[in-house]
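Here is how the chains run, residue by residue.
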Amino acid sequence: MLTGFVTFEGIDGSGKTTVSRLVAESLRAKGHRVHLTIEPTKSWLGDAVRRAYDDDVGAIAESFLFLADRAAHLTDIRAHLQNRELVLCDRYADSTYAYQGARLEGLVKDPIHFLQRASESWALRPDVTILLRIPAELARKRIEGRPRLIRFEDLALLKKVAANYDRLARSRRFVVLDGARSAEAVTLDAISAIERRLKPPRKR
Ligand code: TMP
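Draft legend 1. How the structure looks around helix α5 (residues 111-119). Taken together, the buried positions of α5 are occupied by Pro-111, Ile-112, Leu-115, Gln-116 and Ser-119. Take α5 and look down its axis: the buried residues cluster within an arc of 135 degrees, on one side only. Residues of α5 that are buried sit in contact with α3 (59-82), α4 (93-103) and α7 (155-168).

This is how it looks when you write it as structure tokens:
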């Protein structure tokens, strides 16, 4: 039985919502107990976050709203992990490091480090982070048809966010997949990466 905390990351249009849903469905069909969750959450704090990027409260207030939503979400994530489930999360801390890391440029020194320092002592570290990598131009094309575009989907910002993700992905916790392929192909790779990384170590 797989258990652990897996996050899905990528710029808007990278396909992580579709892929995380397909991964959850396949792993459930294989008999695993899977809890699929998402950030921003569906709680009032998630609503506050969404309101913050519609109203533009500024990058600093927005950053702390994302962190507040995460802090509250962790109670639920921890409960499912304690229940020995596999927790899949569509966006988590690296979204804040990548997006608000770009938004805070010029406002604070070394934005990614600033955000990591503000949250690493209380935020749970994922066991595996799947980064769906896709060129910003293709991502922008994919999201063009969406009914409502938000400010984070601007091409110049997406490019900065993508560069931040590449920097974060140097950590060994990351598995980087080519998100430009079909969702089914990416899903198969994501499942084998999860199974490989979460396998219990062999007894010696
Ligand atoms: P979604 O499109 O995956 O629902 O996410 C909504 C937007 O919120 C997306 O443009 C990415 C952004 N976001 C951040 O900027 N920081 C965060 O910490 C999270 C979780 C999302």
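Draft legend 2. Quick peek at the site of the ligand. The environment of the ligand is formed by 14 residues, the closest being Asp-12, Arg-91, Thr-96, Tyr-99 and Gln-100. Gln-100 has a polar side-chain atom sitting 2.7 Å from a nitrogen atom of the ligand. Notes on the ligand: free accessible area 470 Å², of which the protein chains cover 89%. Here the ligand occupies the largest pocket. Looking at the shell around the ligand, the elements with two or more residues in it are α3 and α4. If you tally residues by element for the shell around the ligand, the top one is α4, at 4 residues. Classifying every residue of the shell around the ligand gives 6 nonpolar, 3 polar and 5 charged.

Draft legend 3. Focus on the sheet that holds strand β2 (residues 34-38). In space, the 5 strands of this open sheet follow the order β2-β3-β1-β4-β5, with parallel pairing throughout. Whereas interior strands pair on both sides, the edge strands pair on one side only; in this sheet they are β2 and β5 (174-178). Here the average twist between neighbouring strands, direction ignored, is 20 degrees. Strand direction decides the pairing type here: strand β1 (residues 4-9) and strand β4 (residues 128-133), joined by 4 bridges, are parallel. When the bridges of β4 are listed, Glu-9 appears paired with Leu-131.

Draft legend 4. Quick peek at a nonpolar patch on the surface. On the surface, a cluster of nonpolar side chains totalling about 290 Å² of accessible area is made up of Ile-60, Phe-64 and Leu-107. By the element assignment, Phe-64 lies in helix α3. Among the residues examined, Phe-64 registers a relative accessible area of 42% and is labelled partly exposed.

Draft legend 5. Structural context of the packing of helix α1 (residues 16-29) against helix α8 (residues 183-198). Closest axis-to-axis distance for the α1/α8 pair is 9 Å, and the angle between their directions is 60 degrees. Taken together, the axes of α1 and α8 are oblique relative to one another. When the axes of α1 and α8 are compared, the crossing they make is right-handed. Between α1 and α8, the contacting residues are Thr-18, Val-19, Leu-22, Val-23, Ser-26 and Leu-27 on the first element and Ala-183, Glu-184, Val-186, Thr-187, Ala-190, Ile-191, Ile-194 and Glu-195 on the second.

Rules behind the numbers
Residues numbered from 1 in each chain as written. Predicted model: local features only at pLDDT ≥ 70, side-chain atom pairs only at ≥ 80, totals over all residues. Heavy atoms only, no water. Buried < 20%, exposed > 50% of the residue type's maximum accessible area, 1.4 Å probe, protein only. Helix = DSSP H or I, 4+ residues; strand = E, 2+ residues; numbered from the N terminus. Arc of directions from axis to C-beta. Contact = heavy atoms within 4.5 Å. Near = heavy atom within 4 Å. Polar contact = N/O pair within 3.5 Å; in protein donor to acceptor, adjacent residues only side chain to side chain. Areas by Shrake-Rupley, 256 points an atom, 1.4 Å probe, with all protein chains shown as cover. 1 Å grid on protein atoms, 1.4 Å probe; cavity = no way out; pocket = protein on both sides within 12 Å on 5 of 7 lines; lining within 4 Å. Sits in = over half its atoms within 2 Å of the grid points. Nonpolar A, V, L, I, M, F, W, Y, C, P; charged D, E, K, R; others polar. Pairing = 2+ DSSP bridges. Axes fitted to C-alpha atoms, helices over the stretch in contact; angles between N-to-C directions. Patch = residues over 30% accessible without salt bridge, like charges linked within 9 Å, V, L, I, M, F, W, Y side chains within 5 Å. Salt bridge = Lys/Arg side-chain N within 4 Å of Asp/Glu carboxyl O. Parallel < 35°, antiparallel > 145°, perpendicular 65-115°, else oblique. Left-handed = near helix turned anticlockwise from the far one by under 90°.

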